[in-house]
Amino acid sequence: MTDFHSMAKVSVGQILGLVEAVDEVGGVADAATISREVEMDVDRLGPILVAAEFLGLVTVEDGDIRITELSRKLLTAGVRERKRIVREIIDDLPAFRLVMEMARSSSTPLGRQEVVQALSDRVGSHQAEDVFNALVYWGRYAELVRYDSESEQLTVRVAQT
Amino acid sequence: MGDAQPLLQVKDVSKSYFDQGKEFKILDLIRFELAERDFVCLVGPSGCGKSTLLRIIVGLDTPTSGQVLFEGHPIRADNPQVAMVFQSFALFPWLTVAQNVELGLEALHEDPAKRRTVAKKFIDAVGLTGFENAYPRELSGGMKQRVGIARALTIEPLLLCMDEPFSSLDALTAQNLRDEILQLWSNPDLPPEAVLMVTHSIEEAVYLADRVIVLSSRPGRMVAELEIDLPRPRNRKDPEFYGWVDEIYSLIV
C-alpha cells in the first residue's frame, strides 16, 4: 500500500510518454539513456519509473527499463480503452480498495480528513496525504472517484464504459 | 484536392512595426495554402515571427500587407471555424475544468444545457472525464493543456491553430499529447479537419506534420516547404526520420 504514494506526483501523460519512449527503441532501454533523451534527471524520472513499475507497465532491472505486454495494449488503445485498462489496475490496489469500501459503505460523502486518517493508520501520517492525492488524481482519471476540492468530499462514481 | 478551394490561403503576408519612423520588418511575403486533412507545422528560429504569423492567420493581428483568406473570405477573429490553443493554456484559475471548457461556447450564445452537452463530449474526447469539477491548480501541465484543447474543439473548428502548445510541458507529457492530437486529427468523427501548428522543435514538426514550412530568422521569410512523406506512426529513432530533422536543421542554421 505504501508504494501508492509514489503516484501522487506523476501524471498519466508522463507514464504513457515513458512507455512510448522505451517502445520506440525496441521495448528495452537503459534508464540513463532515457533520462538523457527526455532531459529529466533521476529526481524527476525516478518517481515516474517507480509509478510505471508499480502499475505493471514496465519492469526495471539492473538499470534496464523493459515495457510489458500491458504497456503494448495501452499504447495502441484510444482514450476510453486506456482509462479502462488503468481502472482495472488501480481498482485492485489495496489503498484504493480500502477507500472505495469506505465510500460504498458510507451513506454520506467521505470527508478528506476522514480518509486521510484511515490511510494514516495503514501507511503512516507522513505518506497519508500523498496517498490521498494519488487516490483523487488516479481515481478521477479512472472515473471511479468524484472529489470536490471545495467541500473536500469524496464519493464513488460509476464509470462510463 | 483537384480544383477544390483551399481551407486557408496566406497571400504574401508581410508585417512590420514602426518605431520613430523606422521600419522593423517581422515577416516578409509569406505565402502558402492549407487544405482539409492537412497537418502543417511552421518552424523557425526564435524571433522569426512565427507566432505573429499565427496571430495574423487567426485574425488576432493584421498584416501590414498581404491577405489571409479562410474558405475564400478574409479572416475574422470571431470566425467559429478556426480555434486557437495557446502555449500558456490560458485557463481561468477560478473556474472548474467544465466551466473553462464551456467558456469556448459562450460566444456562440448556446443555451446552458446545450453548452454542457457539447463540453462533456470534448472533455471526454481529450480524456478529462472524471476531472470535470477539478480546478486548474489540481491538474498537471498536460491536463491543463487538454482543457485548452477541449475548449478549442467545442466550437467544432475546421482548422485548429496551436502556438507552441507543448513547449511548457516536460518531454514525456509532450510526447503523449502529440499522439493524442494526432488521434483527434485522424478521427473523422471529431474536429478539427486540419491543424496548423507553430513550433520551435524540428523533431516535433517532423513527428506531426504532413508539411513543414521553414521560416528564416528575422524578418521571417519562407525558406522551404517540405512534404514529410513518412508513414505513421512515426518513429523518432528511424534513420529516415532523422534525415528530415537534419535537413530542416541545415535550412535554419
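Our subject in this report is the structure included herewith. Counting of residues starts from 1 at the beginning of each chain's written sequence and follows it residue by residue. Naming scheme: in the order in which they are written, chains are lettered from A and ligands are numbered from 1. Only residues with pLDDT of 70 or above have their local features reported here, since the model is predicted, and side-chain atom pairs are shown and tallied only from 80 upward, although totals for entire chains, interfaces and linings are computed over all residues.

Concerning the sheet that holds strand 6 (residues 153-156) of chain A
All names here are of chain A. Here three strands make up an open sheet; going across it, the order is 4-6-5 and the pairing antiparallel. Looking along the sheet, the strands with just one partner apiece sit at the ends: strand 4 (110-111) and strand 5 (145-148). Strands pair, by our definition, only if DSSP identifies at least two bridges between them. Secondary structure counts use DSSP, requiring at least four H or I residues in a row for a helix and at least two E residues in a row for a strand, with both numbered from the N terminus. When strand 4 meets strand 6, the two strands line up antiparallel, connected through two bridges. Bridging from a neighbouring strand, leucine 110 pairs with leucine 154 of strand 6.

Topic: the pairing of strand 2 (residues 22-34) of chain B
Residues and elements named next belong to chain B. Direction of pairing for strand 1 (residues 8-19) relative to strand 2: antiparallel, over a ladder of nine bridges. Bridging across to strand 2, tyrosine 17 finds its partner in phenylalanine 24. Taken together, strand 1 and the strand that follows it, strand 2, pair antiparallel across an intervening segment of two residues, in which glutamine 20 is found at a positive phi of about 50 degrees.

Observations concerning the interface of chain A and chain B
Contacts here follow a simple rule: the backbone-placed C-beta atoms of the two residues must lie within 7 Å. Each partner contributes residues to the interface: chain A has 23 residues there, and chain B has 23 residues. A per-element tally of the side of chain A that touches chain B places helix 1 (residues 12-24) of chain A first, with eight residues. Basically, the charged four are Asp, Glu, Lys and Arg, the nonpolar ten are Ala, Val, Leu, Ile, Met, Phe, Trp, Tyr, Cys and Pro, and anything else, Gly included, counts as polar. Looking at the side of chain A that touches chain B, its residues break down into nine nonpolar, seven polar and seven charged.

Structural notes on unusual backbone geometry
Cis geometry marks the peptide bond from proline 191 of chain B to proline 192 of chain B, where omega comes out at 0 degrees. Position of proline 192 of chain B relative to the elements: it lies in the loop between helix 5 (171-186) and strand 8 (194-199). Here arginine 218 of chain B and proline 219 of chain B are connected by a cis peptide whose omega angle stands at -5 degrees. For proline 219 of chain B, the position within the fold is in the loop between strand 9 (211-215) and strand 10 (222-227). At glutamate 152 of chain A, a position not held by glycine, the phi torsion is positive, near 55 degrees. In this structure, glutamate 152 of chain A sits in the loop between strand 5 and strand 6.

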